[in-house]
Amino acid sequence: MLGIIGQINYIHPSILRTIRFFLIAGSWYYLSLFFIRSFQLSKKIFPLSFLSIDFLKSNKWLSKTYPFLVIIIFYIIILSFLLFFGDRIGWEGDDIEQLDGIINFSYKGKDLVYRYYWQPLTYQLNLWLNSWLNHPRLLFFIPQIIGAANISILLTAVYVFSERRLNLILCFCFLIIFPEIIFCSLYYNSTVFAMFPMSITILLLFWTKSPIKARKTWDYFRYFVIGITSTLAVFFRIDFLLSLPLLWYLMLFNDSLEHKLEQKWKVYLTYILTSFSLLAFFYVTDIFNLTKIIYITTSHHEGVNTWTIRQSLANLFSVTNLVVWIILIISLIYLTFTKIKNKDWKLVLLILCILPLFYSLPSLTSPKYLIPGIIFLPFFCASTTLKIKSKLDKYQFQSLVFGFITLSLFLQIVAIQLVPRIPFIEITADPNYIYTHDGIRVPGGYLKGYNEVKKAQINSYHRPIKFSRKMAQAIQKIDENVTVIYLDKSDSLTTEVWIWTFTTFYLELEGYQVKHYDRNNKIVLSLADKTVTMQRVNQEQYENYLDINPEKTTLIKVPYISRKDPQGLKKFFEDFYDSLDKLTPRY
């Protein structure tokens, strides 16, 4: 049909694109229904191929355990995926700031590392891991290992929430349509660490069916652990404080608890006492420092005060694809009208509990900051799907599920995005890039977005990372001692702290050991008989360094570039960067 229409050359191309789009969209449901009917017919013709499924359903023990065996298989597959696309050298800058702070924590301390009190438990966990692993390069693998666990736990939670009325593949699709869950698992960041205890919190909240006979004991246990994990999540990353009001709402209206008010309050009291006891412990041990948290929050807002609402909306839009946004908005409108019609005024409280999740929206520099809310969206999708299931017959629902699964997988390869021409929507394998403070994001064709992280291992998009890697590589190529000097002037672009720390970090990845560390003056590293010195010097030393210090060393003079110079970034990140290729030993 499209071919016939395409031959009518007097039809405007924009009209052809519109017809093509609506034909594809309109045929989706009927194609799904055709495949479901064909599948059901094949079961009747070839019943032997389904004996294994029937056996699993007939065996009570296997029917209870096989979903969790499948989730273990999912974990292995997800982990392999994340390890394949995952970062190994640095993706967006803040990750290297944190990793450098971990391996040089003894020199920097809490006040000089990147926002320690915003993510204190992430630092403490990785400090322990680094001392145990004894190689900083291995720290790059931890987010992928934990990220795969997060996705698997959330998958289990969605499946448990649906009371096993939705299949695992559909539950998995509810997760992958929100790509930030996967994106933040590809590189080092504290969000992925905070997601782990919060995922456990959500799983236990919805795990209402007691696996033991004593139902009350199970409820006490659940809320005791929820008190621990929800508090831990906040101190792995303070952003997750924003998810607590929604969590409290779900706890307050948890129908699984006994209806007796006295029994409910005993369970809630278990949660409150556990949370506050842990909070008090963190306060005493300087994990929780309110003054420092307020200072970090203030400095963050000052740093993004030029960020526009248009940029924030672009980041918000990258949370999921256009089609999924339309589905979510329609579902939210339907839910709202249903609640109003039924005079269910809990809706007002729910809205108030959701609003804190949008705290960062006016200056949303990355969709990562919405993760405390995004992890609840798959459950909204599951809830909506269960309501639809109650209104459709078996084949209609199966065709709808098949269509959604197909769409979810389709969006991993292809984007459905807005364009400034009729029909204003296009389906493309070349999605638009959305530039955030945490690297590139895409509104669809998510595999291409994940692949950008992999490609950055060779050619980084982040200019400071790219420069620092090049500087470290240039130093490594020289077999003799190396001295890197920077002219110490207050307006010098080249004396930024990250230039020292990033280069130091990449040398440490290659086995160099720090011998002296003063990030405001001088850093000395060594490997075998080779010594690398990086230091700030005054004007006289800068001009006559080898005359003043007659030592056998290759001298690298980093050019003085003023921050006020409009061509400063080009001179440093392009001209000086390119000159490092021509660097040769000279004494």
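Anyway, here's the lowdown on the structure attached to this text.

Procedures and definitions
- Residues numbered from 1 in each chain as written.
- Predicted model: local features only at pLDDT ≥ 70, side-chain atom pairs only at ≥ 80, totals over all residues.
- Heavy atoms only, no water.
- Helix = DSSP H or I, 4+ residues; strand = E, 2+ residues; numbered from the N terminus.
- Buried < 20%, exposed > 50% of the residue type's maximum accessible area, 1.4 Å probe, protein only.
- Pairing = 2+ DSSP bridges.
- Axes fitted to C-alpha atoms, helices over the stretch in contact; angles between N-to-C directions.
- Parallel < 35°, antiparallel > 145°, perpendicular 65-115°, else oblique.
- Left-handed = near helix turned anticlockwise from the far one by under 90°.
- Contact = heavy atoms within 4.5 Å.
- Nonpolar A, V, L, I, M, F, W, Y, C, P; charged D, E, K, R; others polar.

So, on to the environment of Leu509. Summarising the element assignment, Leu509 is placed in helix α24 (residues 497-509). Between the alpha carbons of Leu509 and Arg137 there is a distance of 5.9 Å; along the sequence they are 372 residues apart.

Another point: the pairing of strand β5 (residues 482-487). Counting buried residues in β5 gives six out of six residues, a clear majority hidden from the surface. Here β5 shows no split at all, with Val482, Val484 and Tyr486 on one side and Thr483, Ile485 and Leu487 on the other all buried. When β5 meets strand β8 (residues 530-537), the two strands line up parallel, connected through six bridges. Each residue of the ladder has a partner; that of Tyr486, found in β8, is Arg536. Where β5 lies against strand β9 (residues 554-558), five bridges are found, and the strand directions are parallel. From the neighbouring strand, Tyr486 faces β9, where its bridge partner is Val558.

The next subject is the packing of helix α9 (residues 168-176) against helix α20 (residues 377-389). Running from amino to carboxyl end, α9 crosses α20 at an angle of 135 degrees, the nearest separation of the two axes being 8 Å. On the basis of the axis angle, α9 is oblique to α20. The two elements α9 and α20 meet at a crossing, and its hand is right-handed. Contacts from Leu170, Phe174 and Leu175 of α9 reach α20 at Pro378, Cys381, Ala382 and Thr385. Its residues placed into classes, the contact of α9 with α20 shows six nonpolar, one polar and no charged.

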